[in-house]
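Chain by chain, the residues run as shown.
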Amino acid sequence: MVDHAAKVAAVEAYIAAFANSDPDAVVAIFAEDATVEDPIGTPIHKGHAAIREFYAASMKTGAKLSLDTPVRTAEGYAAFAFTVKLNYGGEKTIQVIDTFKFNDAGKVIEMRAFWSPNNMTGF
């Protein structure tokens with residue numbers, strides 16, 4: 001099982017990848033057959049190519065992430081609340097909670113993002 005520190009490091013790498021506009025750094029935390037559902041209820045992106053395409057498009061909005069609280073971990077999961085700041089046609093903000101599910105090798109196999117228009121300002 002992946003320990004707390006490794007899960008937190010994966011979340012920190014995710015945040016840093018946005019700071020550096022580096023979709024390849026995001027892809028590096030995911031297992032080859034991982035899935036991304038962002039937000040919940042939208043089409044799922046599966047595998048490195050689809051995940052990279054999704055994050056490259058997200059980063060074009062100028063999205064920068066900042067953690068709002070410490071990362072929570074339990075069993076094979078990490079959950080974290082963060083704020084997305086966009087400078088995309090003016091300043092916009094989205095409040096999000098993501099969950100990462102990890103495999104035994106420490107790679108993310110499932111990412112789910114919890115947010116809706118109720119969590120968006122400036123749009």
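The following refers to the structure shown.

What counts and what doesn't
- Residues numbered from 1 in each chain as written.
- Predicted model: local features only at pLDDT ≥ 70, side-chain atom pairs only at ≥ 80, totals over all residues.
- Heavy atoms only, no water.
- Helix = DSSP H or I, 4+ residues; strand = E, 2+ residues; numbered from the N terminus.
- Buried < 20%, exposed > 50% of the residue type's maximum accessible area, 1.4 Å probe, protein only.
- Polar contact = N/O pair within 3.5 Å; in protein donor to acceptor, adjacent residues only side chain to side chain.
- Contact = heavy atoms within 4.5 Å.
- Pairing = 2+ DSSP bridges.
- Core = buried A, V, L, I, M, F, W, Y, C linked by side-chain atoms within 4.5 Å.

1. Some details on the side chain of Thr93
- Topologically, Thr93 is positioned in strand S6 (residues 91-102).
- Look at Thr93 and you get buried, because its relative accessible area is 11%.
- Of note is the side chain of Thr93, whose polar atom sits 3.4 Å from the side chain of Lys85.
- In contact with Thr93, other than residues within four places in its own chain, are Thr83, Val84, Lys85, Asn119, Met120, Thr121 and Phe123.

2. Thoughts on the pairing of strand S7 (residues 108-114)
- In terms of strand pairing, strand S1 (residues 30-37) meets S7 through four bridges, oriented parallel. Following the sheet pairing, Val36 is matched in S7 by Met111.
- As judged from the six bridges shared by S6 and S7, these two strands associate in the antiparallel manner. From the neighbouring strand, Lys101 faces S7, where its bridge partner is Glu110.
- Remark: five residues form the turn of the hairpin made by S6 and S7, two consecutive strands paired antiparallel; Gly106 in that turn has positive phi of roughly 85°.

3. Observations regarding the nonpolar core
- Tyr14, Phe30, Tyr55 and Phe100 are the most contacted members of the largest nonpolar core, which totals 33 residues.
- Counting only elements with at least two residues in this core, the list comes to helix H1 (4-19), helix H2 (23-27), S1, helix H3 (48-59), strand S5 (77-87), S6 and S7.

4. Comments concerning the pairing of S5
- Bridge count between strand S3 (residues 64-67) and S5: four bridges; the pairing is antiparallel. Bridge pairing in S5 places Ser66 opposite Thr83.
- Of the pairings in the sheet, the one linking strand S4 (residues 72-74) to S5 comprises three bridges and is antiparallel in character. Following the sheet pairing, Arg72 is matched in S5 by Ala79.

5. Regarding the side chain of Lys92
- The topology assignment puts Lys92 in strand S6.
- In contact with Lys92, not counting residues within four places along its chain, are Val84, Lys85, Leu86, Thr121, Gly122 and Phe123.

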